[in-house]
Structures are given as structure tokens and as C-alpha cells.
Amino acid sequence: MKIQKSSEDYLETMLMMQERNGFIRSVDVAEHLGVTKPSVSYATKRLRENGYITMDSDGLISLTPSGLEIAERMYERHKMLTAFLIHIGVNEATAREDACKIEHDISAETFEAICRHAKRRPVIE
């Protein structure tokens, strides 16, 4: 099943919140993405319906295995592409922004080629 870019962004952000805070709250997701709380409510409803997240009675969000898989893939792409863009001379803020755009549309083949290239260049982690 093809997942929408916005859903990928939400799942990636949720993983980042989990790593940073040890928990995931809708308000933190909204703040990070710069969206409204009703937007997050709508998105979390759709993500729950598709089996990517669960929510407990306190409103804390947990990624399901399928949600975690997508989140980790997107986060890895984001980190790698950001590092690659910085390495080739793009300033950090622009690199982060552009990586967020690229991570959704780049093919697996192209991403793997970038990773292979970067591994030959020890500057990129």
C-alpha cells in the first residue's frame, strides 16, 4: 500500500519525538510540523485506521511495527540526505529542508547509490 507523503512526515516526526522525549504527544507533533492540533487529530485518526499507530487512554501515541518501519526508513533517508547535501556544500538549514522534500520522492535505487557513494567518502556518517 502506498502511503501519503504527509503520513510519512507524521510517522517520522513521531519517531523523532519518541527518541527525543521518550514519548509521543500530539501537541509536540503539531509544534514540530508547524500544523494545528486539529490537523494532527485528523492525521492520527487516519494513521490509527491504517494500523500505523495506537493511542492510549492518556492520548500518548505509539508506533506499531509497520508505522515504525516507515518512520525509520524516512528518518534514515532524511539524516543521510541531509549529511550528503551538507557535504557537497549546501548550508545546514537548506540541506535539512531539501532533504525533507527529497526523501519522499527519491527511488530506492538512487538512495542506495547515494549511500554507496557516501560510504566511499568518510566525511559522511
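The structure this text deals with has already been given above.
Remember, it's a predicted structure, so these values are computed and weren't measured experimentally. (Residues numbered from 1 in each chain as written. Predicted model: local features only at pLDDT ≥ 70, side-chain atom pairs only at ≥ 80, totals over all residues. Heavy atoms only, no water.)

## Some remarks on helix 5 (residues 92–105)
Because the α-helix completes a turn every 3.6 residues, residues three or four places apart line up on one side. With 14 residues, helix 5 should reach 20 Å at 1.5 Å per residue; the first-to-last C-alpha distance of 20 Å fits that figure. The largest bend along helix 5 reaches roughly 25° and is located at Ala 99. Restricting attention to buried positions, one finds in helix 5 the residues Ala 95, Ala 99, Glu 103 and His 104. Lining the buried residues of helix 5 we find helix 1 (5–21) and helix 4 (65–87). Capping of helix 5 at its N-terminal end is provided by Asn 91; its side-chain oxygen lies 3.1 Å from the backbone amide nitrogen of Ala 93. (Helix = DSSP H or I, 4+ residues; strand = E, 2+ residues; numbered from the N terminus. Expected span 1.5 Å × (residues − 1). Bend = angle between axes of the 7 residues up to and from the residue. Buried < 20%, exposed > 50% of the residue type's maximum accessible area, 1.4 Å probe, protein only. Contact = heavy atoms within 4.5 Å. Polar contact = N/O pair within 3.5 Å; in protein donor to acceptor, adjacent residues only side chain to side chain.)

## Side note on the environment of Phe 111
Summarising the element assignment, Phe 111 is placed in helix 6 (residues 108–119). Since its relative accessible area comes to 10%, Phe 111 is described here as buried. A sequence separation of 30 residues divides Phe 111 from Leu 81, and the C-alpha atoms of the two residues are 8.4 Å apart. Dropping the residues within four chain positions of it, Phe 111 is found in contact with Glu 76, Arg 77, Met 80, Leu 81 and Ile 106.

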